Amino acid sequence: MDLRLLSQGPALRILFFGHLVPTVLALQGEILPSSYLFYNAFFFIGILWCLHSPESEEPILITTFMDLLFILMDAITIGVHNRVFTWGTFFVIINLLLRPISSLILLRFYNERSGRYNTLGIPGFANYGAGTPVTNPTSSGGGRGGYQDIESRPYQTVPSSLVDTGSPVKSGPS
């Protein structure tokens, strides 16, 4: 087990409870639809799945996509179902403001689990966050270099031998 994955557990727990508290407080009001509880329950199940399988990158990726989708769902919930500003609306907005932050945290965890450290998982985004520009345009990202040309082989000398090896090429003193 990789030691860097152990640090994700407490952060995922904080992320879980950081969304659980505003969700529960938002549901104390009478205006929110039951769909708000439904899609947030999926998000909480996704975070629990991430905690359950700490070495797999799939739960993190799926939960990140759910979190990004639920930003839109929260905006629709605020726009359609809240005509007045109430206690529940305030905590839906708090939860909505936490979602981009949690999406970036989940994306960072995905990059750690999949082995990409210098990118955000975006092709062509190599080393921009590290403060050093990409100098090799053929770089595939993630701190890797360009492709090695396998067609050209380096010249290799073969030492001559006095022993007959059965080779049709004569070697040795003539």
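Scope of this entry: the structure provided in the associated data block. (Residues numbered from 1 in each chain as written. Predicted model: local features only at pLDDT ≥ 70, side-chain atom pairs only at ≥ 80, totals over all residues. Heavy atoms only, no water.)

Topic: the packing of aromatic side chains
Reasoning step 1: Evaluated as defined, the whole model comprises nine aromatic pairs.
Reasoning step 2: Where F38 meets F42, the ring centres are 5.0 Å apart and the plane angle is 85°; that geometry is what we call edge-to-face. Of this pair, F38 and F42 both sit in helix α2 (residues 34-52), four residues apart, roughly one helical turn.
Reasoning step 3: Overall, the relative accessible area of 42% leaves F42 in the partly exposed class.
Reasoning step 4: Summarising the aromatic geometry, the rings of Y39 and F70 are spaced 5.1 Å apart at their centres and angled 40° between planes, so their arrangement reads as tilted. (Phe/Tyr/Trp six-rings, centres within 6.5 Å; stacked < 30°, edge-to-face > 60°. Helix = DSSP H or I, 4+ residues; strand = E, 2+ residues; numbered from the N terminus. Buried < 20%, exposed > 50% of the residue type's maximum accessible area, 1.4 Å probe, protein only.)

Thoughts on the packing of helix α1 (residues 8-26) against helix α4 (residues 87-114)
Reasoning step 1: Following both chains from N to C, one finds α1 and α4 inclined at 160°, their axes separated by 8 Å at the closest point. The orientation of α1 relative to α4 falls into the category roughly antiparallel. Relative to α4, α1 is oriented so that their crossing is left-handed.
Reasoning step 2: The residue makeup of the contact of α1 with α4, split by class, is 14 nonpolar, seven polar and three charged. (Axes fitted to C-alpha atoms, helices over the stretch in contact; angles between N-to-C directions. Parallel < 35°, antiparallel > 145°, perpendicular 65-115°, else oblique. Left-handed = near helix turned anticlockwise from the far one by under 90°. Nonpolar A, V, L, I, M, F, W, Y, C, P; charged D, E, K, R; others polar.)

Digging into α2
Reasoning step 1: Counted at 1.5 Å a residue, the expected span for α2 with its 19 residues is 27 Å, and the 27 Å between its end C-alpha atoms agrees.
Reasoning step 2: Looking only at α2, the buried set comprises Y36, Y39, N40, F43, F44, G46, I47 and C50. The buried residues of α2 occupy an angular sector of 150° when projected down its axis, which confines them to one face. Along α2, exposed side chains directed more than 90 degrees from the buried face belong to S34, F38, I45 and H52.
Reasoning step 3: Buried residues in α2 make contact with α1, α3 (58-81) and α4. (Expected span 1.5 Å × (residues − 1). Arc of directions from axis to C-beta. Contact = heavy atoms within 4.5 Å.)

Topic: the environment of L20
Reasoning step 1: Here L20 lies in helix α1.
Reasoning step 2: Given a relative accessible area of 25%, L20 falls into the partly exposed group.
Reasoning step 3: On a C-alpha basis, the gap between L20 and N40 in space is 8.6 Å, while along the polypeptide they are 20 residues apart.

Describing the environment of L96
Reasoning step 1: Within the secondary structure layout, L96 lies in helix α4.
Reasoning step 2: L96 sits 74 residues away from P22 along the chain, and the two C-alpha atoms are 9.5 Å apart.
Reasoning step 3: If sequence neighbours within four positions are ignored, L96 has contacts with I71, D74, A75 and I78.

A closer look at the environment of T89
Reasoning step 1: Along the chain, T89 turns up in helix α4.
Reasoning step 2: Residue class for T89 comes out buried when judged on its relative accessible area of 5%.
Reasoning step 3: Sequence separation between T89 and T77 is twelve residues, and the spatial gap between their C-alpha atoms is 9.2 Å.
Reasoning step 4: Residue contacts for T89: discarding those within four places in its chain leaves N82 and V84.

Here we look at the nonpolar core
Reasoning step 1: Counting residues in hydrophobic clusters, the biggest one holds 21 residues, and the most contacted among them are L12, A26, Y36, F43, I60, V92 and L106.
Reasoning step 2: Those elements giving two or more residues to this core turn out to be α1, α2, α3 and α4. (Core = buried A, V, L, I, M, F, W, Y, C linked by side-chain atoms within 4.5 Å.)

A few points about the packing of α3 against α4
Reasoning step 1: Running from N to C, α3 and α4 point in directions that differ by 165°, and their axes come no closer than 9 Å. As the angle between them shows, α3 and α4 are arranged roughly antiparallel. You can see that α3 and α4 cross each other, and the crossing is left-handed.
Reasoning step 2: Partitioned by chemical class, the residues of the contact of α3 with α4 number 15 nonpolar, five polar and four charged.

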